[in-house]
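# Architecture at a glance
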Amino acid sequence: MEQQRILDLLGEMSLDEKINQLFQGCGSFYTEGSVATGPASEQGFSEKTILEAGSVLSVAGAETIRKIQKHHMENHPHHIPLVFMADIINGYKTIFPIPLAQGAAFNPSVAYTGAEVAAKEASTAGIHVTFSPMVDLVRDARWGRVMESTGEDPYLNSVYAKALVEGYQGDDPKKPGKLGACVKHFAGYGAPTGGRDYNNVELSERTLRDDYLPAYDAAVKAGALLVMTSFNTLNRIPSTANKWLMRDILREEMGFEGAVISDWAAIEEIKNHGLCEDKKGAAKLAMEAGTDIDMMTTCYCNYLKELIESGEISERLLDEAVLKVLELKNKLGLFENPYKDADEAAEKTIMLCAEHREKAKEAAKETFVLLENSGILPLKKEEKVAFIGPFTEEKSIIGAWSIFGEEKDVVSIKEGVDHYGANAIFAKGCDSIDPGKEMIGMGPRYACRRTKKEADAMIEEAVEVALKTDKVVLCIGEHMAQTGEAASRGDITIPKQQKKLLRAVARVNKNIVVVLFNGRPLDIRKIKELAKAILVVWMPGSEGGNAIAEVLYGETSPSGRLPMCFPYSVGQVPVFYSEFHTGRKLDYSNLDNKFQSRYLDIPNKPLYAFGYGLSYTQFAYSEVRLSNNLMEKGDELTASVTVRNTGKQKGAEVVQLYIKDDCGSVARPVRELKGFKKIWLEPGEDKEVSFKITEEMLKFHDINMDYKAEAGSFTVYIGCDSDTDNQATFNFI
Ligand code: BGC
C-alpha cells in the first residue's frame, strides 16, 4: 500500500480505533472468535479492544490464524488486518540447537540457515513476526536466559544478530516464507544483578555502548522490523519508560524506523518498579518514551484516551505510534494479503521435512564443543559401548523456547546410536530430574515421582551395565526446564542424582566420555576429574541424537568453541575473557602475595576460556604476520597466520583474531575478539588465514565519550582461543 494511503487511513481512524491498534493480546483471546470472553474480559480488556486490536501473540496454525484473521477483517471498522507474532527462537517444528549453541558454532551461516528454516515453517503456519533474535550480551551463567543469546562477546553477537535477521527476513519480509524479525530485549537485559531474572541492571554508559549496544545495532542495521523493550531498569529507569534509550539512542543514533513493542506486561510493570502510581501513569511514561505496542496490559487501551483528552499527552504521540504499526503491516504486505503464507496444505509437507531435519542435524554437529579428550574419542562402530544416563532417552532437549516444537519429534541419543548401527547397550541410570522433585511452575510434566530408593536401584542397574563394556558414554546434564526465562540458578552444577550416577559409574569404569546437556556454562569440575572426554552438546534440537552419534563415532570432528567462559565455580561469575586490567594483577609466580586481585579459595581463570574447544585432530599456528607495523588513520593492515592440520583426521579450526589496545584514555579490555574464520583442513593440509584490520576495529568510547580510535600501540593475537599468546604489535598513528 502506498504511504499516502496509510496516512489517509490513520486520518480516518477514530481515537478508540487508534488506541486499540497499539494493543497486542494473546491467541487464547481469539481462538473462540473475536469476542472478549473468558480470559480477556477477566483481565479487563473490553470487547471493543479485542475487536480493534492491532496484533496477536502466541497462536499458530494456518487454519486457526486464517479463521481469526477472517473474522477480524470482517468486523474491524476499517478492515485492518492483525499481525500475528510469536517466539520462534530456534525453530518452529524442526528445532535447531539453542541460540547459545549456535554461537558455539562460530559460524553465522548455522544461524542463518536455522532462521531461514524457522521462517519457512512458521510463516506457513500463519505467523508474520518472530520475537527473535535475542541479542542480549550474557556474562552471568546463573541467568537462565543465557541460552537464548549467542554469548558473551559483542562482536560474535553482532555477527550472529545480522545473520539471524537476514535469515528470517531475507531481502524482503513480505516475500513468501519470510518473517519479520523483532530484536530484543532493548537494552541490557543480559546483565541482571546477581544473575536473577527480571532483576535490575547497572551498567556504565561506556560499558553499555562499547559492549551491550553493538549487537542490537547490528540487528537494526540488518533491517529488523521491530525492537522489543526489556523488563529491567537500566541505571534505575525501566527500559519501557526510558526516553533516552528509545528516542535518543534507538531512534536518533541507531536510526531505527520500525515499531517498538513492550515485553510481556512491561508497561504495567513500570508501576511495580515504582516510577508511577498506577496504570495510567505507566501508559504516559511508556508512550512518552516511545513504546508503540503494549503487549498484554490494559495500560494503553484503558488509559490513553483519558490521557489524551485531558491533554496530558498529545495525540501526535499516539499517531506516531499507530503509524509505526500500520507501516509494519504494510512492510509485511498484509494490506494486500492478510493471510500472507498461511497454508494448510503446505503445513502438512513442509514441517519437519527431510531437508529441514538434515539442516538441523548438520547445524547441531557444528555446535558441539569438545572440552577434553585423552584419546578415547572418536568411538569405533564395532566396539561395544555402554550409553548410560538420563539423556540417553531424554527428549526434552529442544530448548526452553521451543513452544511449538514437540518432543515426540526429537531423536534421542538411543535412537540416534541405534540408527547409526553402533554396537551399544543402554541404561538410563537415573532421571534427568532428582527423585521426588518438580521443576518450579512446570507441573507434573517436568517432575520425578520416583522415590530415592527406586532411584538408587536404577544406579545399581547402570553400574552393572558399566561393568560389561570397556567404555561408557555418560549422557548427563541440566534439565531443559532449568534453563530459559525465569530459570536462574544459584548452583550451576548438574542435578544431585546424576552426580551420584557419575561417581558410581566412575568407581567401576574409568573410561568415561561425558556428553553434557546444558543451556548455560556449568561448573563441571567434578566431571573434568572423572571423565576422559567431555563433549558439550547444549540443547541440540530435533536431530540431537543423530548428530551426537555421528560426532561421537567420528563421522565429523567436533568444531564448536565456547561462546561463554565455563567458570571454575559459580563464585567467579560474571566471568568473561574481555575483562580489564586491575592495578593489582595476579602474579602467578607468587601466589603467597595476598594483596592482589584474586580469590583466596578459587583461581581467577575460568575452567575453560571463551573460544576454547578441541577437535579430533590438532592444529599448529605460524607466528602472526602483519603487512606493516605502522597504521595511519583511515588505513588498513593485514594480519595473517598459516594454520596446519598436524593430526590424522580432517577437522575444523576456528581461527580467532583478538586485538588489545595497549594504552587508552580510559581502561581498555585485556583483548577483544575482532574476527574469526572457521576452516576445514585435511590431515597435513595448511591454509593461510588473513584478517583485515581497520581503524573501525580500534574504536571505543573514549574519555569524552567520543567513539574513536586513539593513537598508540596495539597487540594483535591470532590463535585457537581467547588465551592465545601468538602475537604481533603495530602502532596506530
Ligand atoms: C519474554 C519475551 C517474549 C515474550 C512473548 C516474555 O516473557 O521476555 O522474550 O518474546 O514473553 O512471549
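Thresholds, definitions, all that
- Residues numbered from 1 in each chain as written.
- Predicted model: local features only at pLDDT ≥ 70, side-chain atom pairs only at ≥ 80, totals over all residues.
- Heavy atoms only, no water.
- Helix = DSSP H or I, 4+ residues; strand = E, 2+ residues; numbered from the N terminus.
- Rg over C-alpha atoms; globule rule 2.2 N^0.38 Å.
- Buried < 20%, exposed > 50% of the residue type's maximum accessible area, 1.4 Å probe, protein only.
- Contact = heavy atoms within 4.5 Å.
- Lys, Arg positive; Asp, Glu negative; His and termini not counted.
- Charge placed at Lys NZ, Arg CZ, Asp CG, Glu CD.
- Near = heavy atom within 4 Å.
- Polar contact = N/O pair within 3.5 Å; in protein donor to acceptor, adjacent residues only side chain to side chain.
- Areas by Shrake-Rupley, 256 points an atom, 1.4 Å probe, with all protein chains shown as cover.
- Nonpolar A, V, L, I, M, F, W, Y, C, P; charged D, E, K, R; others polar.
- Phe/Tyr/Trp six-rings, centres within 6.5 Å; stacked < 30°, edge-to-face > 60°.
- Lys NZ or Arg CZ within 6 Å of the ring centre and 35° of its normal.
- Salt bridge = Lys/Arg side-chain N within 4 Å of Asp/Glu carboxyl O.
- Core = buried A, V, L, I, M, F, W, Y, C linked by side-chain atoms within 4.5 Å.
- Domains from an automatic or database assignment.
- Buried area = accessible area lost by both parts, 1.4 Å probe.
- Axes fitted to C-alpha atoms, helices over the stretch in contact; angles between N-to-C directions.
- Parallel < 35°, antiparallel > 145°, perpendicular 65-115°, else oblique.
- Left-handed = near helix turned anticlockwise from the far one by under 90°.

### Topic: the overall build of the protein
What the protein contains, in helices and strands, is 21 helices and 27 strands. Computed over the C-alpha atoms, the radius of gyration of the protein is 26 Å, within 12% of the 27 Å expected from 2.2 N^0.38 for a compact globule of 733 residues. Here the protein holds 733 residues, and the buried ones make up 62% of them. Counting only contacts in the protein whose residues sit at least 6 apart along the sequence, the fraction spanning at least 24 positions is 77%. Each charge class in the protein can be summarised by its mean position, and for the 87 positive and 107 negative side chains these summaries are 5 Å apart.

### Some details on the site of the ligand
In the vicinity of the ligand, 13 residues are found, and the nearest of them are Asp-87, Arg-145, His-185, Asp-263 and Glu-485. For the ligand, an oxygen atom lies 2.5 Å from a polar atom in the side chain of Asp-87. In the complex, the protein chains occlude 93% of the 310 Å² of accessible area that the ligand would expose alone. A class-by-class count of the residues in the shell around the ligand yields seven nonpolar, one polar and five charged.

### Brief notes about the packing of aromatic side chains
Tallied over the full model, the rule gives 19 aromatic pairs. Ring plane angle 80° and centroid distance 5.9 Å describe the contact between Tyr-155 and Phe-676, whose orientation is recorded as edge-to-face. Of this pair, Tyr-155 sits in helix H8 (residues 154-169) while Phe-676 is found in strand E22 (residues 672-681), placing the two residues 521 residues apart along the sequence. Residue classification places Phe-676 among the buried residues on the basis of a relative accessible area of 13%. Ring geometry for Phe-186 against Tyr-216: centres 5.2 Å apart, planes inclined by 85°, an arrangement best described as edge-to-face. Here the residue Phe-186 occupies a position in strand E5 (residues 180-186), and Tyr-216 occupies one in helix H9 (residues 205-221), the gap between them amounting to 30 residues. For the pair Phe-186 and Tyr-216, a shared accessibility class is recorded, and that class is buried. Grouping aromatic residues by their ring pairs yields a cluster made of Phe-106, Tyr-155, Tyr-577, Phe-610, Tyr-658 and Phe-676. If you follow Lys-184 out to its NZ or CZ, it ends over the ring of Trp-401, 5.3 Å from the centre.

### Focus on the environment of Asp-686
In this structure, Asp-686 sits in strand E23 (residues 686-694). Residue Asp-686 is classed as partly exposed on the basis of its relative accessible area of 39%. Between the alpha carbons of Asp-686 and Gly-44 there is a distance of 67 Å; along the sequence they are 642 residues apart. Ignoring anything within four residues of it in the chain, the contact list for Asp-686 reads Thr-642, Val-643, Arg-644 and Leu-681. Within polar-contact distance, the side chain of Asp-686 engages the side chain of Arg-644 at 3.1 Å.

### As for the pattern of salt bridges
Going through the model one piece at a time under the given rule, you end up with 58 salt bridges. Measuring nitrogen to oxygen at the nearest pair gives 3.3 Å for the salt bridge that ties Arg-139 to Asp-211. One end of the pair, Arg-139, is in the loop between strand E4 (129-130) and H8; the other, Asp-211, is in helix H9, and 72 residues separate them in sequence. The residue Lys-359 makes a salt bridge to Glu-355 at a minimum N-O spacing of 3.0 Å. Placement of both Lys-359 and Glu-355 in helix H16 (residues 354-367) is noted, with a separation of four residues, approximately one turn of the helix. When its relative accessible area of 27% is taken as the criterion, Lys-359 is described as partly exposed.

### Describing the nonpolar core
Within the largest apolar cluster, 217 residues are counted, with the highest numbers of intra-cluster contacts made by Phe-186, Phe-387, Ile-388 and Leu-552. Leu-657, Val-689, Phe-691 and Ala-728 belong to the second-largest nonpolar core, a separate cluster that totals 24 residues.

### Points about unusual backbone geometry
Between Lys-184 and the following residue, His-185, the backbone shows a cis peptide bond with an omega angle of -10°. Of note, His-185 is situated in strand E5. Look at the link from Phe-186 to Ala-187: it is a cis peptide, with omega at 5°. Mapped onto the secondary structure, Ala-187 falls in the loop between E5 and H9. Positioned with a positive phi, Ala-265 is a non-glycine residue whose angle comes to about 60°. Counting through the fold element by element, Ala-265 comes out in the loop between strand E9 (259-261) and helix H11 (266-272).

### Observations regarding the domain arrangement of the protein
Entries for the protein in the domain assignment read domain 1 (3-346), domain 2 (357-560) and domain 3 (619-732). When each unit is reduced to the centre of its C-alpha atoms, the spacing between domain 2 and domain 3 is 36 Å. Summed over both sides, the interface of domain 2 with domain 3 buries roughly 460 Å², with 47% coming from carbon and sulfur. Taken together, domain 2 and domain 3 are joined by three residue pairs in polar contact (both at pLDDT 80 or more). Residue classes in the side of domain 2 that touches domain 3 are distributed as one nonpolar, four polar and one charged.

### Some words on the packing of helix H18 (residues 452-467) against helix H19 (residues 496-508)
Direction vectors running N to C along H18 and H19 enclose 30°, while the axes themselves pass 9 Å from each other. As the angle between them shows, H18 and H19 are arranged roughly parallel. With respect to the hand of their crossing, H18 and H19 are arranged in right-handed fashion. Of the residues in H19, those touching H18 at Lys-452, Ala-455, Asp-456, Ile-459, Ala-462, Val-463, Ala-466 and Leu-467 are Gln-497, Lys-500, Leu-501, Ala-504, Val-505 and Val-508. Across the contact of H18 with H19, the residue classes tally to 10 nonpolar, one polar and three charged.

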